[in-house]
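# Report on the structure
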Amino acid sequence: MTGPKPKPAGDAPHYLRIKEKIMGLIAEGKLKPGDRVYSESELVSSFGVSRMTANRALRELMFEGVLTRSAGLGTFVSSQRHDIDLLQIKNIAEEISSRGRRHTAKVLIADRIKADASVAQSLDLEPGIEVMHTLIVHLEDNQPIQVEERYVNPVVAPDYLTNDFNEITPNEYLTRVAPITEFEHFVEAMKPDATVRKLLGMKPDQPCLRVFRRTWSGDAVVTCALLSYPGDKYRLEARSGKGRAKPLALLEGRQG
């Protein structure tokens, strides 16, 4: 791949100019997911920089999830990935809207069931008690991105099933009627079962990220949910305080 020589950008470090150039091409749609990007040699020639500087720019973009490298083939634009913040609970409709996209939902199940031992234990109820159960696929611009299987404590939210979940998400409703005072997340990478794979439109060899979430309002467990995501479109994030924008320790001493 070749391209016009970029103009100098003041005192900006050379590796940042390279990153900005690649990010600009992606933002303009000139580079799309799966497209090959400049090799180190091409960056050295086009930008007039050292191979170390070109390597740093590509490595940072790979660490940030923008690019992916395939041994022997080159470096390519990654499929868009979104972060799952394990320290917060976000309304998926608002999350999608914040990206300028449209949220829709397909409600596959919305009924009452008798809690088996595992569901009852998760909701801190007696086995056999009737609880509410929903299975919903959330879509972003008509592309499925999350399968949400949820069980709800009927004592805390007795009107849960009266909602139209195309208009209001379970998260939005439940946090309105039973504000969250405590929650927990457990995460596992797994091979999805046939149902989840079909609902998310995944290939047989694609990994799945599954988050188990349980929330409390006061002393009562409100809900427990299994949230499944296509592993190539999401990554996990947890940061205390302000955190850092990039892994500075790994980059120390590698100035471009």
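Presented here is an overview of the structure given in this document. (Residues numbered from 1 in each chain as written. Predicted model: local features only at pLDDT ≥ 70, side-chain atom pairs only at ≥ 80, totals over all residues. Heavy atoms only, no water.)

### Overview of the nonpolar core
- In terms of nonpolar packing, the biggest core is built from 17 residues, with Ile-18, Ile-22, Leu-43 and Leu-67 touching the most fellow members.
- Elements that contribute at least two residues to this core include exactly helix 1 (14–27), helix 2 (40–47) and helix 3 (51–63).
- Not counting residues up to four positions away in its chain, the partners in contact with Leu-67 are Ile-22, Val-37, Leu-58, Leu-61, Met-62, Thr-75, Phe-76, Val-77 and Ser-78.
- Counting residues in each nonpolar core, the second largest holds 12 residues, with Met-132, Ile-136, Phe-165 and Val-222 among its members. (Core = buried A, V, L, I, M, F, W, Y, C linked by side-chain atoms within 4.5 Å. Buried < 20%, exposed > 50% of the residue type's maximum accessible area, 1.4 Å probe, protein only. Helix = DSSP H or I, 4+ residues; strand = E, 2+ residues; numbered from the N terminus. Contact = heavy atoms within 4.5 Å.)

### A look at the pattern of salt bridges
- For the structure on display, the rule yields 12 salt bridges.
- A salt bridge links Glu-140 to Arg-101, with the nearest nitrogen and oxygen atoms 3.5 Å apart. One end of the pair, Glu-140, is in strand 5 (residues 130–140); the other, Arg-101, is in the loop between helix 4 (92–98) and strand 4 (103–114), with 39 residues separating them in the sequence.
- By sharing partners, the salt bridges in this structure join Lys-19, Arg-56 and Glu-60 into a single network. (Salt bridge = Lys/Arg side-chain N within 4 Å of Asp/Glu carboxyl O.)

### Looking at the packing of helix 2 against helix 3
- Contact geometry for helix 2 and helix 3: axes closest at 9 Å, N-to-C directions at 115 degrees. Crossing handedness for the pair helix 2 and helix 3: right-handed. Across the interface between the two elements, Glu-40, Ser-41, Leu-43 and Val-44 from helix 2 touch Arg-51, Ala-54, Asn-55 and Leu-58 from helix 3.
- Tallied by class, residues from the contact of helix 2 with helix 3 come to four nonpolar, two polar and two charged. (Axes fitted to C-alpha atoms, helices over the stretch in contact; angles between N-to-C directions. Left-handed = near helix turned anticlockwise from the far one by under 90°. Nonpolar A, V, L, I, M, F, W, Y, C, P; charged D, E, K, R; others polar.)

### What about helix 2?
- Those residues of helix 2 that fall on the buried side of the exposure criterion are Glu-40, Glu-42, Leu-43, Ser-46 and Phe-47. One face of helix 2 carries all of its buried residues, which in axial projection span an arc of 160 degrees.
- Its buried side turned inward, helix 2 meets helix 1, helix 3 and strand 1 (67–70).
- Phi for Gly-48, located one or two positions after helix 2, is positive at around 65 degrees. (Arc of directions from axis to C-beta.)

### Observations regarding the sheet that holds strand 6 (residues 143–152)
- One open sheet accounts for six strands, arranged 4-5-6-9-8-7; its pairing is antiparallel. Pairing within the sheet leaves two strands with one partner each, and these edge strands are strand 4 and strand 7 (182–190). Put simply, the sheet's adjacent strands are angled 15 degrees from each other on average, direction ignored.
- The pairing of strand 4 with strand 5 spans 11 bridges and is classified as antiparallel. Bridged to Thr-104 within strand 5 is Leu-139.
- In the packing of helix 6 (residues 170–177) onto the sheet, contacts are made with strand 5, strand 6, strand 8 (208–217) and strand 9 (220–230), and the angle to strand 6 comes to roughly 35 degrees. (Pairing = 2+ DSSP bridges.)

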